Number of protein chains: 2
Amino acid sequence: MAHGSRLVDLVHERIEDFLAERTSILREISPDLEPLDAFSRRFLSGGKRFRALFCYWGWEAVGGRGFDPFAEEGGRDKFPVVSAASALELFHAAALLHDDIIDNSDTRRGAPSGHRLFEQLHAESGWAGSSPEFGRASAILLGDLLLGWSDELFDEGLAALPDRDAARTARAEFMRMRTEVTAGQYLDILAERAWRSQAESEQRLRAERVIVYKSAKYSVEAPLVIGGAIAGASTAQFDSLRAFGLPLGIAYQLRDDLLGVFGDPEVTGKPSGDDLREGKRTMLIAIARERLAPGQRRLLDELLGDPELAPEQVRMLQQTIRECGAVDEVEALITSNVATATAALEAAPISRDARTELGSLARAVTRRTS
Amino acid sequence: MAHGSRLVDLVHERIEDFLAERTSILREISPDLEPLDAFSRRFLSGGKRFRALFCYWGWEAVGGRGFDPFAEEGGRDKFPVVSAASALELFHAAALLHDDIIDNSDTRRGAPSGHRLFEQLHAESGWAGSSPEFGRASAILLGDLLLGWSDELFDEGLAALPDRDAARTARAEFMRMRTEVTAGQYLDILAERAWRSQAESEQRLRAERVIVYKSAKYSVEAPLVIGGAIAGASTAQFDSLRAFGLPLGIAYQLRDDLLGVFGDPEVTGKPSGDDLREGKRTMLIAIARERLAPGQRRLLDELLGDPELAPEQVRMLQQTIRECGAVDEVEALITSNVATATAALEAAPISRDARTELGSLARAVTRRTS
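Only a predicted model underlies this, so the values are computations on that prediction, with no experimental measurement involved.

A few words on the overall build of chain A. Secondary structure assignment for chain A yields 16 helices and two strands. Taking 370 residues into account, the globule formula puts the C-alpha radius of gyration at 21 Å, and chain A, at 21 Å, falls close to it. Looking at chain A residue by residue over its 370 residues, the buried ones come to 61%. Counted over contacts in chain A with a minimum sequence separation of 6, partners at least 24 positions apart contribute 75%. Counting every atom, chain A has about 14100 Å² of accessible surface; 50% of that belongs to carbon and sulfur. Computing the positive centroid from 45 side-chain charges and the negative centroid from 58, chain A places the two 4 Å apart.

This is the structure:
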């Protein structure tokens, strides 16, 4: 993925430049705002940049241009898509900051989560009041700041796009993405709490809806479509990007569900069985519940979401989920969704380079270990 | 304020229409999202709409047009400013949702705050887990949703504005406002906690900075300037709007500081002495601390921010703050800021109608009781 790595550098550079501009506003206001600056950069320096990659390759799929960031010529027309790709990363950082508060997550990518960083700052500075409260409050505000900034970065890119129809479409897709992912997050936290009062027969449907809105559209379909929109995609091209992106996004999240329960903490940067302690009602869990005998299902329901689960309990739950065949069923779902995505990709009226690159991205996101 | 009330109706209608469109996206996703719809409408149905009024009158000041929303002719060109004014109200609702989580506020405008509404929903539905945690999580998400929507509503207005330079300027001002108010909020929560480790001599300066960024620019100056920008203000007109807006905004917030300590709960919709229990480090408190003898200052510092303050303690603190002359000094500051604002207004190269209306708005916001 040589092209991909170059894009990652371009995105990194664009984010750094943009943050430098924006944090200069903060510095003018007060030196006390330095932590907002430092933590923004920290949260935006890492990550897999999958959303940025999908956005770029959606653009390339339609534009069909070569990609050489070092060439003098043509460097200019990449500005809109690189800005949009970077904006998606900023939006994602904001969403993660809020998500980690919502999930009470201590870590993110193997390092302390945002509210924990502010909590540490509070404790180390010996300030008055509760450190966790200060941590949460500050991380809410930093998330708000980055939400606004992501939008500004997106617009800076679109302002440089001569095709105004393309810009309008791209912006509309970005807006819909924001609404849908926030709705998906609400459905996710609701499912964790309300599942007992919802019909058993609807649990898989509800888990699927969360996957579609919180992950599949957000992480894959929308970035692809936004990239395609910037390049002025035709209806057929939009349809293809969606037909590829949605199933791939579902497969992506199903892989995530498996990693959340079975992932190696050394690789994922999260404690083993993290999703079990959080009580996430994923597709994996919905499928396991369908397959388990009533007694085992009751036990799963009792233990799931207990933040104090002991390592033996985590291992026991992992074994239960595996032995009932839920893991195999999820793996089969991943395989069939990847097959659907791949078939759509083969048939898509898009550039050859993009087809190859999107094919390898599809493998990367569905076979990953972190 | 006949013109003002009509504008309030137009803004209300625009918000209702916009929410109806956006919540139809939610309804397509799942009926489970109904509370996001219901609580959005609830939070946007009330409030004083000061920001919308300042935005409109900033536009009118520069445009100098008459205002008759019932006229067939000319109705179209009000769309951008009415949309922008409505977007400011959406942004404000989002900020309040997050602010109430940050401040642990139970009420807003005499009704339960957003996280308390979701908390009640959780408790009444008998869902699993902690009701307060669900309340906070959902209110964070609803705030995020409204932040995104405010931006979309703002853009819908600007898209209808033929003057593209004006649109760009208005958008830049909106963006700067978002960054500055979020920075101001962080400085505010920081001041509440970090004041003991900060130099005594800087406390008034820090309180002033919070007033300027969290309130004065956000509530008055930015709305005026955004309205002016939409009408294509000249440099001289921008300067005048700022010269009027900033001191008026400071006076507005100083009035708020007094109401937060001395306001009538029946009128403000908040418990008496709310700011004392929250431990807000306002200008009023900074001034009182400068004026009090060391023993009294220590007592104030000890009690301020204790959420369990008894009514007698609140009364005692009110008396201490009044008797040291802090209230008189704040009233004098309000008077002098209003005078500065009024002088700027008299000299401003703006329409006569707007001058009259802004003058009465200035009186309304600085003499209010809630």
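The next point concerns the interface of chain B and chain A. Contacts between the two partners involve 53 residues from chain B, matched on the other side by 53 residues from chain A. In total, about 4900 Å² of surface goes out of reach between chain B and chain A, with carbon and sulfur atoms giving 65% of it. The residue Arg178 of chain A makes a salt bridge to Glu152 of chain B at a minimum N-O spacing of 3.4 Å. At the surface where chain B touches chain A, the tally comes to 26 residue pairs in polar contact (both at pLDDT 80 or more). Elements with a minimum of two residues in the side of chain B that touches chain A: helix H1 (2-29), helix H2 (34-44), helix H4 (79-102), helix H5 (114-125), helix H6 (131-159), helix H7 (164-194) and helix H8 (203-230) of chain B. Across the side of chain B that touches chain A, the residue classes break down as 27 nonpolar, eleven polar and 15 charged.

A few words now on the relation of the copies chain B and chain A. Relating the two copies of this chain is a rotation about some axis coupled with a shift parallel to it. Turning chain B through 180 degrees and shifting it by 0.0 Å along the axis lays it on chain A, with an RMSD of 0.0 Å. Expressed as an axis order, the relation between the two copies is that of a two-fold axis. Looking at the interface residues of chain B, 100% of them are also at the interface in chain A, so both copies use one shared face.

Another aspect to go through is the pattern of salt bridges. Two side chains of opposite charge can pair, provided their charged atoms sit close to one another. Residue and element names in this part refer to chain B. Tallied over the entire structure, the rule returns 76 salt bridges over all chains. Between Asp100 and Arg108 there is a salt bridge; the shortest N-O distance is 2.8 Å. Since its relative accessible area comes to 1%, Asp100 is described here as buried. Residue Arg108 is classed as buried on the basis of its relative accessible area of 16%. When the shortest N-O distance is used, the salt bridge between Lys280 and Asp188 registers 3.9 Å.

Scanning the model with the defined rule gives seven cavities of 30 Å³ or more in all. Its boundaries defined by the atoms lining it, the largest cavity holds a volume of some 320 Å³. Elements with a minimum of two residues in the lining of the largest cavity: helix H4 (79-102), helix H6 (131-159) and helix H7 (164-194) of chain A together with H4, H6 and H7 of chain B. The element best represented in the lining of the largest cavity is H6 of chain A, accounting for eight residues. Counted by class, the lining of the largest cavity contains twelve nonpolar, ten polar and eight charged residues.

Once that is clear, we can look at the confidence of the model for chain A. Averaged over chain A, the pLDDT score is 92; the fraction of residues at 70 or greater is 95%. Ignoring residues within four places in sequence, the model shows residues 67-76 of chain A, a span with pLDDT below 50, making 13 contacts including any to other chains.

For the rest of this paragraph, the subject is the packing of aromatic side chains. A full pass over the atoms with the stated rule returns 22 aromatic pairs over all chains. With centroids separated by 6.1 Å and ring planes inclined at 50 degrees, the aromatic side chains of Tyr186 of chain A and Phe134 of chain B adopt a geometry described as tilted. Pair noted here: Tyr186 of chain A is in helix H7 and Phe134 of chain B is in helix H6, and the two residues belong to different chains. Residue Tyr186 of chain A is classed as buried on the basis of its relative accessible area, which comes to 0%. Residue classification places Phe134 of chain B among the buried positions, given a relative accessible area of 0%.

Here we take up the nonpolar core. In globular proteins that are soluble, nonpolar side chains generally tend to be buried together. Ile321 of chain A together with Tyr186 and Ile321 of chain B are the most contacted members of the largest nonpolar core, which has 244 residues in total. Beyond its immediate chain neighbours, meaning those up to four positions away, Ile321 of chain A contacts Val261, Phe262, Leu276, Leu284, Ile285, Ala288, Leu300, Ala326 and Val327 of chain A.

We now examine the environment of Glu221 of chain A. All names here are of chain A. Mapping Glu221 onto the fold places it in helix H8 (residues 203-230). For the pair Glu221 and Thr335, spaced 114 residues apart in sequence, the C-alpha to C-alpha distance is 18 Å. Setting aside chain neighbours within four positions, we find Glu221 in contact with Ala216, Arg242, Gly245 and Leu246.

Let's shift gears to H4 of chain B. Residue and element names in this part refer to chain B. Under the 1.5 Å per step criterion, the end-to-end length of H4 is 34 Å for 24 residues, consistent within 8% with the ideal 34 Å. Counting buried positions along H4 gives 23 out of 24 residues, so the element sits mostly inside the fold. Note on H4: the residue one or two positions beyond its end, Asn104, has a positive phi of about 55 degrees.

Running from N to C, H7 of chain A and H6 of chain B point in directions that differ by 170 degrees, and their axes come no closer than 10 Å. The orientation of H7 of chain A relative to H6 of chain B falls into the category roughly antiparallel. In this structure, H7 of chain A contributes Arg171, Met175, Arg178, Thr179, Thr182, Gln185, Tyr186, Ile189, Leu190 and Arg193 of chain A to the contact, and H6 of chain B contributes Glu133, Phe134, Ala137, Ser138, Leu141, Asp144, Leu145, Gly148, Trp149, Asp151, Glu152 and Asp155 of chain B. Along the lines of polarity and charge, the residues of the contact of H7 of chain A with H6 of chain B split into nine nonpolar, five polar and eight charged.

It is worth spelling out the environment of Ser234 of chain A at this point. Relative to the assigned elements, Ser234 of chain A resides in the loop between H8 and helix H9 (235-262). Separated by 50 residues in sequence, Ser234 of chain A and Leu284 of chain A place their C-alpha atoms 36 Å apart.

Residue and element names in this part refer to chain A. A rise of 1.5 Å per residue sets the reference length of H8, with its 28 residues, at 40 Å; its end C-alpha atoms lie 37 Å apart and thus fit the reference within 8%. Along H8, the sharpest kink reaches roughly 60 degrees, centred on Lys217. Gly232, located one to two residues past H8, shows a positive phi value of around 80 degrees.

All names here are of chain B. Running from N to C, H7 and H8 point in directions that differ by 170 degrees, and their axes come no closer than 8 Å. Regarding the angle of H7 to H8, the classification is roughly antiparallel. Between H7 and H8, the contacting residues are Ala166, Thr169, Ala170, Glu173, Phe174, Met177, Glu180, Val181, Gly184, Gln185, Leu187 and Asp188 on the first element and Arg209, Val210, Tyr213, Lys214, Lys217, Tyr218, Ala222, Val225, Ile226, Ala229 and Ile230 on the second. Class assignment for the residues of the contact of H7 with H8 results in 14 nonpolar, three polar and six charged.

With that out of the way, let us pick up the environment of Asp257 of chain B. Residues and elements named next belong to chain B. Checked against the element boundaries, Asp257 lands in helix H9 (residues 235-262). Judged by relative accessible area, Asp257 falls into the buried class, the value being 2%. For the pair Asp257 and Asp275, spaced 18 residues apart in sequence, the C-alpha to C-alpha distance is 7.9 Å. Dropping the residues within four chain positions of it, Asp257 is found in contact with Ile211, Asp275, Thr282, Met283 and Leu284.

Residue and element names in this part refer to chain A. We note that Arg49 has phi near 60 degrees; this positive angle belongs to a residue other than glycine. Within the secondary structure, Arg49 is located in the loop between helix H2 (34-44) and helix H3 (50-63). The class of Arg49 is buried, set by a relative accessible area of 5%.

The rules behind each value
Residue indices begin from 1 for each chain and proceed along its sequence in written order. Chain letters start at A and ligand numbers start at 1, both assigned in the order the entries are written. A pLDDT threshold of at least 70 governs which residues receive local features in this predicted model, and a stricter bar of 80 or more applies before side-chain atom pairs are shown or counted, although totals over entire chains, interfaces and linings include all residues. The basis for the side-chain values is all heavy atoms of the structure; hydrogens and waters are excluded. In this text, helices come from DSSP runs of H or I with a minimum length of four residues, and strands from runs of E with a minimum of two, each type numbered from the N-terminal end. Radius of gyration means the value over C-alpha atoms here, while the globule rule gives 2.2 Å times the residue count to the 0.38 power. A 1.4 Å probe rolled over the protein chains alone gives each residue an accessible area, and that area as a share of the maximum for its type sets the label: buried under 20%, exposed over 50%, partly exposed in between. Note on contacts: a residue pair qualifies if any of its non-hydrogen atoms lie within 4.5 Å across the two residues. Exposure was quantified through the Shrake-Rupley algorithm and a 1.4 Å probe, taking into account, for residues, occlusion by the shown protein chains and nothing else. We treat Lys and Arg as the positive residues and Asp and Glu as the negative residues; His and chain ends play no part in the count. For charged residues, the charge sits on one atom: NZ in Lys, CZ in Arg, CG in Asp, CD in Glu. Buried area is understood as the total, over both parts, of accessible area removed when two parts are fitted together, assessed with a 1.4 Å probe. Any Lys or Arg side-chain nitrogen located within 4 Å of an Asp or Glu carboxyl oxygen qualifies as a salt bridge. Between N or O atoms, a polar contact is any pair within 3.5 Å; within protein, one atom must be a potential hydrogen donor and the other a potential acceptor, and residues adjacent in sequence are included only when both atoms are from side chains. Each residue gets one of three labels, nonpolar for Ala, Val, Leu, Ile, Met, Phe, Trp, Tyr, Cys and Pro, charged for Asp, Glu, Lys and Arg, and polar for the others, Gly among them. The copies are overlaid by a least-squares fit using only the C-alpha atoms of residues whose pLDDT is at least 70 in both copies. Only protein atoms enter the 1 Å grid, on which a cavity is a set of points fitting a 1.4 Å probe that cannot get out and a pocket is an open set with protein on both sides within 12 Å along at least 5 of 7 lines, lining residues being those with an atom within 4 Å of a point. Grid points are joined across faces, edges and corners, and a volume is the space filled by probe spheres set on the points. Every residue gets a pLDDT, meaning the predictor's confidence in that residue, from 0 to 100. Here the aromatic set is Phe, Tyr and Trp, taking the six-membered ring for Trp, and pairing holds for ring centres within 6.5 Å; pairs whose planes are under 30 degrees apart are stacked, those over 60 apart are edge-to-face, and all others are tilted. Nine residue types can take part in a nonpolar core, namely buried Ala, Val, Leu, Ile, Met, Phe, Trp, Tyr and Cys, and a core is a set of them joined through side-chain atoms within 4.5 Å. For a helix, the expected span equals 1.5 Å multiplied by the residue count minus one. With axes taken as lines fitted to C-alpha atoms, and helix axes fitted only over the stretch in contact, angles between N-to-C directions fall between 0 and 180 degrees. In what follows, roughly perpendicular refers to angles from 65 to 115 degrees, roughly parallel to angles under 35, roughly antiparallel to angles over 145, and oblique to any angle outside these ranges. The reported bend at a residue is simply the angle between two axes, fitted to the 7 residues ending at it and to the 7 residues beginning with it.

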